[in-house]
Amino acid sequence: MTTSTTINKGESPNGDRSSAAVLHQTILGSRRFSNYLWATVVSLGSTGFLLASISSYLKTNLLLVTDPTQLLFVPQGLVMGLYGSAGLFLALYLWLVISWDVGGGYNEFNQETGSVKIFRWGFPGKNRRVEIDCTTQDVQSVKVDIKEGLNPRRALYLRVKGRRDIPLTRVGQPLSLKELETQGAELARFLDVPLEGL
């Protein structure tokens, strides 16, 4: 999800909105509801598998909903333990990505200073903070990229002189066409550049 906020520093008497000084867009990263849901489901499922495996080994029921003590540890209990362990590693990864807010950040377009700043959080390490800076004068256009099919892609890109296209929208869930058009048109109007791809 992208949230736009225009901060007005004063408008001209004819109502010209080009005097709005800053456009700030907050980008939702990995802290989406779907990621919380999947991390919770995987955590619960893998814990259940692991407890079933331990129950079959100890012949003591550790679960509330079923009795896995009737299972043979080899091979059923052992396989359930492997599934449970793999699931816990996946759940740990999902929770870490959520806590690090990978992909989250903001886009800031400042007409007063003539600057554009794109910021995203990455994985911990040398490149944890991903920052791209350029001037508004170098921006050539706002590009809308739409690809339908099994793996749909709907994204906004900033075309900047001497650089590759810079992605502006969130990774993962594609935006709706209406949302994409609205955001693209708002940004193109704010920067006074053409909107490509529609």
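Residues numbered from 1 in each chain as written. Predicted model: local features only at pLDDT ≥ 70, side-chain atom pairs only at ≥ 80, totals over all residues. Heavy atoms only, no water.

1. Quick look at the overall build of the protein chain
Helix and strand counts for the protein chain stand at three helices and nine strands. From first element to last, N terminus to C terminus, the protein chain shows the α and β order β-β-α-α-β-β-β-β-β-β-α-β. Put simply, the protein chain has 198 residues, and 34% of those count as buried. Excluding contacts between residues fewer than 6 apart, the proportion of contacts in the protein chain whose partners are at least 24 apart in sequence is 49%. (Helix = DSSP H or I, 4+ residues; strand = E, 2+ residues; numbered from the N terminus. Buried < 20%, exposed > 50% of the residue type's maximum accessible area, 1.4 Å probe, protein only. Contact = heavy atoms within 4.5 Å.)

2. Structural notes on the pattern of salt bridges
Taken as a whole and assessed by the stated rule, the structure comprises seven salt bridges. A salt bridge links Glu131 to Lys117; the shortest N-O distance between them is 3.1 Å. Of this pair, Glu131 sits in strand E5 (residues 129-135) while Lys117 sits in strand E4 (residues 115-121), and the two are 14 residues apart along the sequence. Here Arg154 makes a salt bridge to Glu148, at a shortest N to O gap of 3.1 Å. The structure contains a network of salt bridges with shared partners spanning Lys143, Arg159, Asp165 and Glu196. (Salt bridge = Lys/Arg side-chain N within 4 Å of Asp/Glu carboxyl O.)

3. Some points on the UniProt feature "transmembrane region" (unreviewed entry) in the protein chain
Under the UniProt annotation, "transmembrane region" (unreviewed entry) lies at residues 36-58 and 78-98. Counting secondary structure, residues 36-58 comes out at 100% helix and 0% strand; the distance between its end C-alpha atoms is 33 Å. Along residues 78-98 one finds 100% helix and 0% strand; the C-alpha atoms at either end are 30 Å apart. (UniProt positions renumbered as here; feature names shortened; annotations may be inferred.)

4. Overview of the sheet that holds strand E8 (residues 166-167)
Reading across from one edge, E8-E7-E6-E9 is the order of the four strands in this open sheet, with mixed pairing throughout. A single partner strand is all that each edge strand has here, and the edge strands are E8 and strand E9 (195-196). (Pairing = 2+ DSSP bridges.)

5. Remarks on the pairing of E4
In regular strands, side chains alternate between the two faces of the sheet. In this structure, strand E3 (residues 105-110) lies alongside E4, joined through six bridges in antiparallel fashion. When the sheet's bridge partners are listed, Asn107 is paired in E4 with Ile118. Sheet topology note: the E4/E5 ladder contains seven bridges and is antiparallel. Directly across from Ser115, in E5, lies its bridge partner Thr135.

6. A closer look at the confidence of the model for the protein chain
Summarising the model, the protein chain shows a mean pLDDT of 87, and 88% of its residues fall at 70 or more. Per-residue pLDDT stays below 50 along residues 6-19; that stretch engages in 20 contacts with residues further than four places along the chain or on separate chains. (pLDDT = per-residue confidence, 0-100.)

7. Concerning helix H3 (residues 177-191)
Compared with an ideal rise of 1.5 Å per residue, which puts 15 residues at 21 Å, H3 spans 21 Å between its outermost C-alpha atoms and is within 8% of the ideal. Turning to H3, its buried residues number three or more, namely Leu180, Gln183, Gly184, Leu187, Ala188, Phe190 and Leu191. Down the axis of H3, the buried side of the element spans an arc of 160 degrees, and every buried residue falls inside it. Facing away from the buried side of H3 by over 90 degrees, the exposed positions are Lys178 and Arg189. At the C-terminal side of H3, Asp192 shows a positive phi close to 60 degrees. (Expected span 1.5 Å × (residues − 1). Arc of directions from axis to C-beta.)

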